[in-house]
Every structure is written in structure tokens, then in C-alpha cells.
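Listed below are the residues making up each chain.
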Amino acid sequence: SQQGEEDPQALSIQEGENATMNCSYKTSINNLQWYRQNSGRGLVHLILIRSNEREKHSGRLRVTLDTSKKSSSLLITASRAADTASYFCARRGAQKLVFGQGTRLTINP
Amino acid sequence: NAGVTQTPKFQVLKTGQSMTLQCAQDMNHNSMYWYRQDPGMGLRLIYYSASEGTTDKGEVPNGYNVSRLNKREFSLRLESAAPSQTSVYFCASSGAFRPGLATGANVLTFGAGSRLTVL
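Residues numbered from 1 in each chain as written. Chains lettered and ligands numbered in written order. Predicted model: local features only at pLDDT ≥ 70, side-chain atom pairs only at ≥ 80, totals over all residues. Heavy atoms only, no water.

Draft legend 1. A look at the state of the cysteines. Residue and element names in this part refer to chain A. If you walk through the whole model with that rule in mind, you get 2 disulfides over all chains. Disulfide partner of Cys23: Cys89, at an S-S distance of 2.0 Å. Handedness of the Cys23-Cys89 disulfide follows from its S-S torsion of about 65°: it is right-handed. Of this pair, Cys23 sits in strand E3 (residues 19-24) while Cys89 sits in strand E9 (residues 85-92), placing them 66 residues apart in sequence. We classify Cys23 as buried; its relative accessible area is 2%. (Disulfide = S-S within 2.5 Å. Helix = DSSP H or I, 4+ residues; strand = E, 2+ residues; numbered from the N terminus. Buried < 20%, exposed > 50% of the residue type's maximum accessible area, 1.4 Å probe, protein only.)

Now the structure itself:
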């Protein structure tokens, strides 16, 4: 089964609003990563948070990690049309990353 | 500054035909990966190579073989294609994973993808 499940599966908001996506996982992690995929393209790494970190920022992105609940969230503030994409969390265990099913984010003008 | 290059970008096969997807990276990464992406399934790991000379199965290895030709190249072969292998295939690479190592070594760089249709 997939490790690293995103919620919601799809999210549609107005430009300028904030978007929050959640990720849950089942087993212990070394770090958790978020990736973006624009339609028809490969995935691009956005941000990494280590298991001993609780929050991390990068520009308009904020990631939180709660290891006791085995969950993470990605917040995109002041959304733009260019943020329309699919977002994936990925759990880093031993040698490899395991991806969830992704959240499809649509920003409406 | 190519990053990860996959070929071909598109391919149509008939059931039973064979083909090889090629992947090359120019970032001197130790680890390379092949994923497939299907609607509603996210990305699933087919095979990976933690370092030159080693390969390991991922979640969905059946029907595939891989070759880590050298540090730069990692190919994926379908010996007898089946319609269930219709998918988008992504190659990725990363530096050697070590817990606590600098961030850059732990993230994946992806190719643009190869769309395969098996009729």
C-alpha cells in the first residue's frame, strides 16, 4: 500500500487565498519531502523537513511535521495561478523515497 | 546543465514487444530510480540502484528488468510488454542517502517522463 497519503485529493481555491494540503504516513521516517508536478512534467523538489524539525519555511511555503501523529502539512500562502499543479509528499525511510497519491491544486483567477 | 535525461518521451508498443527506456544523469549522483505514475496511484517505485553495481526491487518490479550501466546511466527494460504497463515512467537520481547529511544529498531530481502505451 502507499505510504504517505495526501488529503484532500483535489483542492480548488481563488487566487490570493491560502492552500493547505496534508500528508499522513505509517512508519518512522528520516525526513519528509514535498514535490510539485506541473501537468505533463516531472516532479520538482520543493522542501524537505527532517524528523527532528517541526516547521520549515521557504518563500510562500510552510511545512509542518508532527511525528507523534505521523502527519505533515504544506501551506501555500497568497496563491497564484502558477501554483496550479499536483503536490506530493514523500517519505524517506532507508534507501528510497515512497510517494503518496498527491493533491491536485487548482488556483482560479 | 541537463540534469536527468530520459528517452524516448513517447512510445507505442504492441502487446509482447520489448523495449528499453534509457536514463542518464550528469550530476554525479550515486543513486538512481525508476518510477511509474498511473492516474489515482501516485508514483510507485519499480527498481532502484543505490550505487553503481547494485540494483534492488521496489514496489512493482514484475515485468521489468534494469541495468545500471555505469554511474551515469540506468535503463529500464520491458521484455514482453503488456497493456497493464501503459503508464508514464519517470527516472530520478539522488546523492547517496545518509541520515543527517546535508539536505541536497537526500532529494530526488526527476526526468521529464516517458509516456508508454501498450496496445
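Draft legend 2. Structural context of the packing of aromatic side chains. With the rule as written, the count across this model stands at 9 aromatic pairs over all chains. Arranged with centres 6.4 Å apart and planes meeting at 20°, the rings of Tyr33(B) and Tyr48(B) form a pair that is stacked. Note that Tyr33(B) is positioned in strand E4 (residues 31-38) and Tyr48(B) in strand E5 (residues 42-49), a separation of 15 residues in sequence. Under the relative-accessibility criterion, Tyr48(B) is labelled buried at 9%. Look at Tyr35(B) and Phe110(B): their rings are 6.0 Å apart centre to centre, the planes differ by 40°, and that puts the pair in the tilted class. Taken together, the positions of Tyr35(B) in strand E4 and Phe110(B) in strand E10 (residues 109-110) put the pair 75 residues apart, joining distant regions of the chain. Using a relative accessible area of 9% as the deciding quantity, one classes Phe110(B) as buried. Ring pairing ties together the aromatic residues Tyr35(A), Phe99(A), Tyr33(B), Tyr35(B), Tyr48(B), Phe90(B) and Phe110(B), which thus form one cluster. (Phe/Tyr/Trp six-rings, centres within 6.5 Å; stacked < 30°, edge-to-face > 60°.)

Draft legend 3. Here's a closer look at the side chain of Asn31(A). All names here are of chain A. Within the fold, Asn31 resides in strand E4 (residues 31-37). The exposure class assigned to Asn31 is buried, which follows from its relative accessible area of 1%. Here the side chain of Asn31 touches Asn30 through a polar contact of 3.4 Å, side chain to side chain. (Polar contact = N/O pair within 3.5 Å; in protein donor to acceptor, adjacent residues only side chain to side chain.)

Draft legend 4. Here's a closer look at the layout of surface pockets. Of the voids in this model, the largest pocket is the one considered here, and its volume is about 800 Å³. As for the largest pocket, its lining consists of 35 residues, of which Gln37(A), Gly40(A), Ser86(A), Gln37(B) and Pro39(B) are closest to the centre. Among the secondary structure elements, those contributing two or more residues to the lining of the largest pocket are E9 and strand E11 (103-108) of chain A together with E4, strand E9 (87-94) and strand E11 (114-118) of chain B. One number sums up the size of the second largest pocket: a volume of about 160 Å³. (1 Å grid on protein atoms, 1.4 Å probe; cavity = no way out; pocket = protein on both sides within 12 Å on 5 of 7 lines; lining within 4 Å. Points joined across faces, edges and corners; volume = space filled by probe spheres on them.)

Read these as geometric descriptors, not functional statements.
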